[in-house]
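The chain contents come next:
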Amino acid sequence: MKRLGIISLFVILFMAFIAVWNISYQSGMEEAYIPVENTNPISLIPSETGVFTRSKYALDYVNMPVDEQHQRVLKNYYKNRAFHGAPPSIPHPVEDERNMGDNSCLKCHQNGGFVNKYDAYAPVTPHPEMINCRQCHVPEHTKQLFKETNFYKADPPEVGVNNALQGSPPVIPHQIQMHENCLACHAGPSAPKEIRVSHPERVNCRQCHASNNKETEDIGIFKRTNNNEQ
Ligand code: HEC
Ligand code: HEC
Ligand code: HEC
Ligand code: HEC
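A short tour of the structure in this document, coming up. This structure is a prediction, so every number in the text was calculated from the model and none was measured. (Residues numbered from 1 in each chain as written. Chains lettered and ligands numbered in written order. Predicted model: local features only at pLDDT ≥ 70, side-chain atom pairs only at ≥ 80, totals over all residues. Heavy atoms only, no water.)

### Considering the coordination of the iron atom of ligand 3
Summarising the metal site, the iron atom of ligand 3 is bound by the protein donors His174 (NE2) and His186 (NE2), whose distances to it range over 2.0 Å. Residue histidine 186 is classed as partly exposed on the basis of its relative accessible area, which comes to 25%. (Donors = N, O, S within 2.8 Å, 3.2 Å for Na, K, Ca; no water. Buried < 20%, exposed > 50% of the residue type's maximum accessible area, 1.4 Å probe, protein only.)

Structure representation (structure tokens):
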């Protein structure tokens, strides 16, 4: 009788052990992610999540040797834009003139990489979700102006002078709109060498880098000087 009692006690303890172990195993399997309910009336800009999406490549970027032969420089970066912040023109042939973009562009521009035929690294697009690429990006068909104008390109902000103190994080000298996805332009082999970040793995860029809220000067309404009526 005594022996039976001890055996059944052990059986009960063993079953209890299995049950407790099972519960803790199952809860270990649950995802740590708690879905965030979007109760914020201000909806997020999809490109803003881009930094976090691209952060999985950050450690690769840190460990990648710099390809000295094919580094982009800011001078060429600016040459391709009508003014600071303007969408760059497409500097290479496009396959189908009537194609709006989407997959035909994203196969190279979603994650970048070296393209032999253009002998350059494809710059990563900061906004893969805006699929009508050619709404804003067009090939350049001529280098000449149709007509002389008084339009001039304002100088872009300087780099390397935006730190309050030596070693402190520089302020962001450009607007954030259309620049939400920091890693696209600042990390990887296609980033212009002057602005390639030494720490792409610190994902939350704006935790340390504040916007430069300098008010932009109102330059008035731009009027051509060569209008026909003049
Ligand atoms: C075969 C790969 C490939 C495809 C497809 C491709 N590109 Fe490119 N693209 C490149 C490469 C490489 C560069 C860099 C060229 C250079 O620096 O000389 C580039 C440069 C650009 C630039 C200039 C970026 C800058 O910062 O100056 C724009 C804009 C662009 N492409 C848009 C497009 C669009 C829009 C499409 C689709 C219609 C497209 N590309 C399709 C490889 C590609
Ligand atoms: C609503 C207009 C708009 C659309 C649509 C758009 N872009 Fe852009 N794109 C811009 C602007 C503005 C910039 C940033 C210019 C700057 O400040 O240098 C830019 C920058 C870029 C760059 C340069 C990144 C770098 O590192 O130099 C690439 C490449 C690019 N876009 C590709 C694309 C592709 C591919 C698509 C389609 C999937 C696309 N864009 C759709 C306006 C647009
Ligand atoms: C479309 C490409 C692009 C995107 C996206 C972008 N930047 Fe920039 N960034 C530049 C360029 C080009 C410069 C050089 C100055 C200029 O032209 O405004 C620059 C300059 C800077 C500088 C100053 C560097 C120095 O040495 O003075 C900081 C800091 C910076 N960016 C942070 C950011 C952060 C943070 C984000 C994301 C919110 C971001 N950038 C998104 C292109 C980009
Ligand atoms: C923990 C704070 C912190 C975070 C997060 C951070 N940075 Fe920085 N960043 C700094 C500091 C500090 C410097 C100045 C380094 C120096 O002068 O030696 C700097 C410098 C820079 C520069 C100038 C070039 C260079 O590498 O020195 C750029 C561009 C830049 N950061 C962009 C970024 C981007 C893009 C991100 C997000 C991927 C980011 N930073 C995240 C603190 C930070």
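### Section: the coordination of the iron atom of ligand 1
Within the protein, the atoms that donate to the iron atom of ligand 1 are His92 (NE2) and His109 (NE2), at distances of 2.0 Å. Taken together, the six donor atoms coordinating the iron atom of ligand 1 span angles of 87 to 179 degrees at the metal, a pattern that classifies the geometry as octahedral. With histidine 92 in the loop between α4 (74-79) and α5 (103-109) and histidine 109 in helix α5, the pair connects residues that are 17 residues apart, well separated along the chain. For histidine 92, a relative accessible area of 24% corresponds to the partly exposed category. (Tetrahedral: all angles 85-135°; square planar, octahedral: opposite > 155°, others 65-115°. Helix = DSSP H or I, 4+ residues; strand = E, 2+ residues; numbered from the N terminus.)

### Brief notes about the side chain of arginine 81
Counting through the fold element by element, arginine 81 comes out in the loop between α4 and α5. Of the side chains bearing the opposite charge, glutamate 140 lies closest to the buried arginine 81, which forms no salt bridge; the N-O distance is 11 Å. Filtering out sequence-adjacent residues up to four positions away, arginine 81 remains in contact with Ala86, Pro87, Pro88 and Lys153. (Lys, Arg positive; Asp, Glu negative; His and termini not counted. Salt bridge = Lys/Arg side-chain N within 4 Å of Asp/Glu carboxyl O. Contact = heavy atoms within 4.5 Å.)

### Some details on helix α1 (residues 2-29)
With 28 residues, α1 extends 41 Å between its outermost C-alpha atoms, agreeing within 8% with the 40 Å of an ideal straight helix rising 1.5 Å per residue. A small share of α1 lies buried, amounting to zero of its 28 residues. (Expected span 1.5 Å × (residues − 1).)

### What to know about the site of ligand 4
Near ligand 4 you find 20 residues, and of these Ser198, His199, Cys205, Cys208 and His209 are the closest. Serine 198 is positioned with one of its backbone polar atoms (N or O) 3.0 Å from an oxygen atom of ligand 4. A distance of 2.7 Å separates a nitrogen atom of ligand 4 from a polar atom in the side chain of histidine 209. Tallied by class, residues from the shell around ligand 4 come to 10 nonpolar, eight polar and two charged. (Near = heavy atom within 4 Å. Polar contact = N/O pair within 3.5 Å; in protein donor to acceptor, adjacent residues only side chain to side chain. Nonpolar A, V, L, I, M, F, W, Y, C, P; charged D, E, K, R; others polar.)

### Comments concerning the nonpolar core
Val51, Tyr61, Val124, Leu183, Ala184, Ala187 and Cys205 form the largest nonpolar core, which has seven residues in total. Each residue touching leucine 183, except ones within four places of it in the same chain, is listed here: Val51, Arg54, Ser55 and Pro200. (Core = buried A, V, L, I, M, F, W, Y, C linked by side-chain atoms within 4.5 Å.)

### Quick look at the pattern of salt bridges
Applying the stated rule across the entire model yields two salt bridges. Across the pair arginine 206 and glutamate 48 runs a salt bridge, and its minimum N-O distance is 2.6 Å. In this pair, arginine 206 sits in the segment after α6 (182-186) while glutamate 48 sits in the loop between α1 and α2 (50-54), placing the two residues 158 residues apart along the sequence. Overall, arginine 206 belongs to the partly exposed group, its relative accessible area being 41%. Between glutamate 140 and lysine 143 there is a salt bridge; the shortest N-O distance is 2.7 Å. Since its relative accessible area comes to 75%, lysine 143 is described here as exposed.

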